[in-house]
Amino acid sequence: MIFHTIKAFILILFTLNLSALANIRIDEPAPDFTLKSTTGETVSLSDFRGKFVVLEWINFDCPFVQKHYDTDNMQKLQNKYIKQGVVWLLICSSAPGKQGHFDIDEIHKRMKNYKTNPNAYLIDEDGTVGKAYAAKTTPDMRIINPDGILIYAGAIDDKATTSKDDIKNARNYVDEALNYALNNKPIKDKVTKPYGCSVKYAN
Amino acid sequence: MKIIILIIFIFSNIQLTTAKVVKTPDVDTELISEFTAIIAGSEFWAGIRLKMKNKCHIYWTNPGDVGIPTKIKINLPDGFPPAKVFFPVPKLSIETGIASLIYEDEIIVPIKIYVPESFNSKDFSIYANVEWLACKEICTADSAKASLVIKIGNKSKINNKWAKIIENAVNSLPIQTESLAPKAIRNENSILLTFNSDILTKNGSVKKVLFFPYEQGIYELAEEQIFAISSNKATVDIPLSNLKVKEPENLFGIIKLVKDDDKEQIAYEINVPIINNYKELK
């Protein structure tokens, strides 16, 4: 009970500090969070301690996101690493009424059409978690190691375009980082510049 | 017969002075020039006029936190040296903590072209391929190919429609000057830029100075850049990103002088090595 009260207090403090610059840094503990999934579950980052976790900021109406979903690029990556025990969470920080914010049925419809099967699609409509992780674009990627340390932040790949033709020649930073991390090798580029649409936070 | 020749003559001249506007849903593109005719062996300014529609914006070469850079590729006849493209000073836009360096309404991108002395055709074509991401609430990537014919003659002929507009665009480009005497020092979470404040006095009522980096992913542009003046020095404290892609060795970009009316564009180019006391202390 006391633990839950402290946890709730920390979450409230976190919420109050929205306007401050996110103090997230690479190789430091990733901020814990709790969000509702589209299936009604309450999901916390700390639930997955002991596993690698990928956070992917999503907006299905963003052309940069569509580039990776229309081509099956993102789904293949998700499947490849979920099979290896990695937890993959989609986070939508679009505010109600803004691009990328959908009702649950629409989200499930889009996920079904895209045949994407992440561990959860999480709703962050007040943007608390997005801002804590300094998520600015869709897509924007974070990787957290089994000890809860942020080990990668940035782009999905090095081709900052909406062109689907660019995927075949792209250097996929997330694939590379996960591959290195799962094999206990140092990640070459821990921070890259993400590209995409802006995260549609509430004004 | 004379009338027909006269009509053909007038029509051909209209074609030379009026480039085609390439229309897309969000941006109209047009290649323009300060001259309709030029002497071989001389240099002149052309420009790309980009008119944003539907309240859209496009991005500078460093787009900021989001978006993608506007790209311009110029093709000239064989034997011409590459054209030099000069992007104008952008506007910093901050929305919900996300910073963008953008262009709104209409811009002229000046292009410097040199016609080799050995070039002996009666005219030549400039081709421009422009790619952009136009955003309002939704973003759309698009492109346009524009072209313009310039005549070669014994005398240069000024283009009255565009010469003054291009001249203004050229005069608004970032200035390179040694009189700034800039210095950059690495602090724990920022770079402190110091420069001679005489330049501010010269330019009237400057309310703040903003640094726009040429490189992406290093600075936190949504955070306030604290500007101060003391005696003959001015300082701008430029916050670094917590998630920066690399440690900057040089402070490389432009400083924009923001005046009360925010209309006149005055900017200076900066490229100065960063003194890393912070690293030494560590």
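Above this note sits the structure.
Read on for a plain summary of the structure. (Residues numbered from 1 in each chain as written. Chains lettered and ligands numbered in written order. Predicted model: local features only at pLDDT ≥ 70, side-chain atom pairs only at ≥ 80, totals over all residues. Heavy atoms only, no water.)

## Describing the interface of chain A and chain B
- Residue-level contacts link 31 residues of chain A with 22 residues of chain B.
- A combined buried area of about 2,000 Å² lies between chain A and chain B, and 60% of that area is made up of carbon and sulfur atoms.
- The interface formed by chain A and chain B holds two salt bridges in total.
- Between K136 of chain A and D65 of chain B there is a salt bridge, and its shortest N-O distance comes to 3.4 Å.
- Counting across the chain A and chain B interface gives nine residue pairs in polar contact (both at pLDDT 80 or more). (Contact = heavy atoms within 4.5 Å. Buried area = accessible area lost by both parts, 1.4 Å probe. Salt bridge = Lys/Arg side-chain N within 4 Å of Asp/Glu carboxyl O. Polar contact = N/O pair within 3.5 Å; in protein donor to acceptor, adjacent residues only side chain to side chain.)

## Let's talk about the state of the cysteines
- What the rule picks out here adds up to two disulfides over all chains.
- Each sulfur of the disulfide joining C62 of chain A and C197 of chain A lies 2.2 Å from the other. A torsion of 95° about the S-S bond marks the disulfide between C62 of chain A and C197 of chain A as right-handed. One end of the pair, C62 of chain A, is in the loop between β3 (53–57) and α2 (63–70); the other, C197 of chain A, is in strand β9 (residues 197–198), with 135 residues separating them in the sequence.
- Assessed through its relative accessible area of 1%, C197 of chain A is described here as buried.
- Disulfide pairing places C135 of chain B opposite C139 of chain B at an S-S distance of 2.2 Å. Residues C135 of chain B and C139 of chain B are joined through a disulfide that is right-handed, its torsion about the S-S bond being 115°. Each member of the pair, C135 of chain B together with C139 of chain B, is buried.
- Left without a disulfide partner, C92 of chain A is nearest to the cysteine sulfur of C62 of chain A, which lies 11 Å away.
- Residue C92 of chain A is classed as buried on the basis of its relative accessible area, which comes to 4%.
- Here C56 of chain B stays free of any disulfide, with the sulfur of C135 of chain B as its closest cysteine sulfur at 7.6 Å.
- For C56 of chain B, a relative accessible area of 7% translates into the label buried. (Disulfide = S-S within 2.5 Å. Helix = DSSP H or I, 4+ residues; strand = E, 2+ residues; numbered from the N terminus. Buried < 20%, exposed > 50% of the residue type's maximum accessible area, 1.4 Å probe, protein only.)

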